Amino acid sequence: MSYKRLLTVQDISCLGQCSVTAALPILSACGHETCIIPSAVLSTHTGGSFTGYTFRDLTEDLPAICRHWLRQGVSFDAVYTGYLGSTRQAAYVREIFQTLLKPGGKIVVDPAMGDNGQLYAGLDARYAQAIAGLCAGADVILPNITEACLMTGLEYREQADEAYTARLLSALLDLGAKSVVLTGVSYEPGTTGVLVRSGSEQRYYQHKHIPRMFHGTGDVYASGFVGAWLKGLGLFEAAKIAADFTVDAIRYTLDDPEHWYGVKFELALPGLIDRLRAEL
Ligand code: PXL
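So, here's what we can say about the structure. Keep in mind that what you see is a predicted model, and the values were worked out from it rather than measured.

1. A short note on the overall build of the protein
When its secondary structure is counted, the protein shows nine helices and 11 strands. Whereas a compact globule of 280 residues would reach a radius of gyration of roughly 19 Å, the protein reaches 17 Å, a difference of no more than 12%. Its C-alpha atoms put the protein at 55 × 45 × 40 Å along the principal axes. A burial count over the protein gives 54% of its 280 residues as buried. Contacts in the protein between residues at least 24 apart in sequence constitute 68% of all its contacts with a sequence separation of at least 6. Within the structure as shown, the protein displays about 12000 Å² of accessible surface, and the carbon and sulfur contribution to it stands at 52%. Measuring between centres, the 23 positive side-chain charges of the protein sit 6 Å from its 29 negative side-chain charges.

Take a look at the structure:
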């Protein structure tokens, strides 16, 4: 049975069901040892109606944590990065890729930085460019359409068509990533999906679009993808499983109007585990 040691670098939003508080339980449920480097600690995520959140940037802690691990001889089968605490952190993360990965270890970059055509509060164009730079060394990147535009400079469109997504995918591959999983690709009303491109091969998985906006679904998706892919599933299979898992998490949340800041992905974990058992 495969048992991988992963490192995820992203923030701790203490309340909000995103970033590390989603990645840790999801990756653990998939059966991976999951180590973390918190990029920042926030009282909540920065989205929705949250205002006045605390934000502690942990940039200065990154090199010290890495040096300690290097002295201990620790290395990882994969590094998965998400929301970083500063633009400067991208350089430290690049060092992590170079020094803490086992030979043949995988790099997954979730360029978590925006949605609906906008950057998240507090992030700027320099941040987007720094994360675009990180994509150069990645095995897989998982942007939504907003993030794809912010990193490549292409215009954001609410309505995608195949010519538009083809341009996005080729601009994303030009950043230097081996494979791209582009999320939130909707060609027809009522549906959305993920577009998976690896080299010249491209496949689309379409599923139902649930017309309500939830925060943290990108993180839930990316963690489900990383969990499934690193179990040994193919890129497209992992992208599909993560999509179904995210839709399930949204379904479990829909009947609770009070629960606006995240999705109840915890309720969808047993289904994810069953699916992995069935497919492996
Ligand atoms: O889910 C993405 C995310 C992660 N981390 C922080 C955020 C957001 C989205 O708003 O604010 C701190």
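2. Observations regarding the side chain of Ser223
Among the secondary structure elements, Ser223 is positioned in helix H7 (residues 217–229). Take Ser223: its relative accessible area is 0%, and that puts it in the buried class. Leave out the neighbours within four places in its chain, and Ser223 touches Ala22, Ala23, Ile26, Leu27 and Tyr80.

3. A word on the nonpolar core
The biggest cluster of nonpolar side chains holds 46 residues, and the ones touching the most others in it are Leu7, Val109 and Leu182. In terms of residues, this core owes the most to one element, helix H4 (residues 125–135), which gives seven residues. If near-sequence neighbours (up to four positions away) are discounted, Leu182 is found in contact with Pro143, Asn144, Ile145, Ala148, Leu168, Leu169, Leu172, Gly193, Val194 and Leu195. Ranked by size, the runner-up nonpolar core spans 43 residues in total, among them Val196, Ile210, Ala222 and Ala268.

4. Concerning the sheet that holds strand E2 (residues 33–44)
The nine strands are arranged E3-E2-E1-E4-E5-E8-E9-E10-E11 in an open sheet whose pairing can be described as mixed. Looking along the sheet, the strands with just one partner apiece sit at the ends: strand E3 (55–57) and strand E11 (201–208). The pairing of strand E9 (residues 179–182) with strand E10 (residues 191–198) spans four bridges and is antiparallel. Bridged to Leu182 within E10 is Leu195.

5. Things to note about the site of the ligand
The environment of the ligand is formed by Asp11, Ser13, Cys18, Ser19, Leu42, His45, Thr46, Gly47, Tyr83, Tyr120, Gly216 and Asp219. For the ligand, a nitrogen atom lies 2.8 Å from a polar atom in the side chain of Asp11. Residue classes in the shell around the ligand are distributed as four nonpolar, six polar and two charged.

6. Remarks on the pairing of strand E1 (residues 5–15)
One ladder, built from nine bridges, connects E1 with E2; its direction is parallel. What sits directly across from Arg5, in E2, is Glu33. As a crossover connection, the stretch from E1 through helix H1 (residues 19–29) into E2 is right-handed. Examined bridge by bridge, E1 and strand E4 (residues 76–81) share four bridges and lie parallel to one another.

7. Quick notes on the pattern of salt bridges
Applying the stated rule across the entire model yields 11 salt bridges. Put simply, Arg88 and Glu60 hold a salt bridge, and the shortest N to O gap is 2.5 Å. In this pair, Arg88 is assigned in the loop between E4 and helix H3 (89–99) and Glu60 in the loop between E3 and helix H2 (61–72), connecting sequence segments 28 residues apart. Ionic pairing is found between Asp244 and Arg275, a salt bridge with its closest N-O pair at 2.8 Å. Remark: Arg275 occurs in helix H9 (residues 269–279) and Asp244 occurs in helix H8 (residues 235–254); sequence separation between them is 31 residues. We classify Arg275 as partly exposed; its relative accessible area is 23%. Via salt bridges that share partners, Glu155, Arg157 and Arg167 belong to a single interconnected network.

8. Some details on the packing of H3 against H4
It is the contact of H3 with H4, at a shortest axis distance of 10 Å, that shows an interaxial angle of 10 degrees. Comparing their axes, H4 and H3 come out roughly parallel. Residues Ala90, Val93, Arg94 and Phe97 of H3 touch H4, and the partners they reach there are Ala130, Gly133 and Leu134.

9. A word on the side chain of Thr34
Inspection of the secondary structure puts Thr34 in strand E2. Among all residues touching Thr34, those that are not within four sequence positions of it are Leu6, Thr8, Leu24, Leu27 and Ser28.

10. Looking at helix H5 (residues 145–152)
In terms of burial, H5 is a largely internal element, six of the eight residues being buried. By the burial criterion, the buried members of H5 are Ile145, Thr146, Glu147, Ala148, Cys149 and Met151. Buried residues in H5 make contact with strand E6 (114–115), strand E7 (118–119), H4, helix H6 (162–174) and E9. Capping of H5 at its N-terminal end is provided by Asn144; its side-chain oxygen lies 3.1 Å from the backbone amide nitrogen of Thr146.

Thresholds applied
Residues numbered from 1 in each chain as written. Predicted model: local features only at pLDDT ≥ 70, side-chain atom pairs only at ≥ 80, totals over all residues. Heavy atoms only, no water. Helix = DSSP H or I, 4+ residues; strand = E, 2+ residues; numbered from the N terminus. Rg over C-alpha atoms; globule rule 2.2 N^0.38 Å. Buried < 20%, exposed > 50% of the residue type's maximum accessible area, 1.4 Å probe, protein only. Contact = heavy atoms within 4.5 Å. Areas by Shrake-Rupley, 256 points an atom, 1.4 Å probe, with all protein chains shown as cover. Lys, Arg positive; Asp, Glu negative; His and termini not counted. Charge placed at Lys NZ, Arg CZ, Asp CG, Glu CD. Core = buried A, V, L, I, M, F, W, Y, C linked by side-chain atoms within 4.5 Å. Pairing = 2+ DSSP bridges. Near = heavy atom within 4 Å. Polar contact = N/O pair within 3.5 Å; in protein donor to acceptor, adjacent residues only side chain to side chain. Nonpolar A, V, L, I, M, F, W, Y, C, P; charged D, E, K, R; others polar. Right-handed = clockwise from strand over helix to strand, strands pointing away. Salt bridge = Lys/Arg side-chain N within 4 Å of Asp/Glu carboxyl O. Axes fitted to C-alpha atoms, helices over the stretch in contact; angles between N-to-C directions. Parallel < 35°, antiparallel > 145°, perpendicular 65-115°, else oblique.

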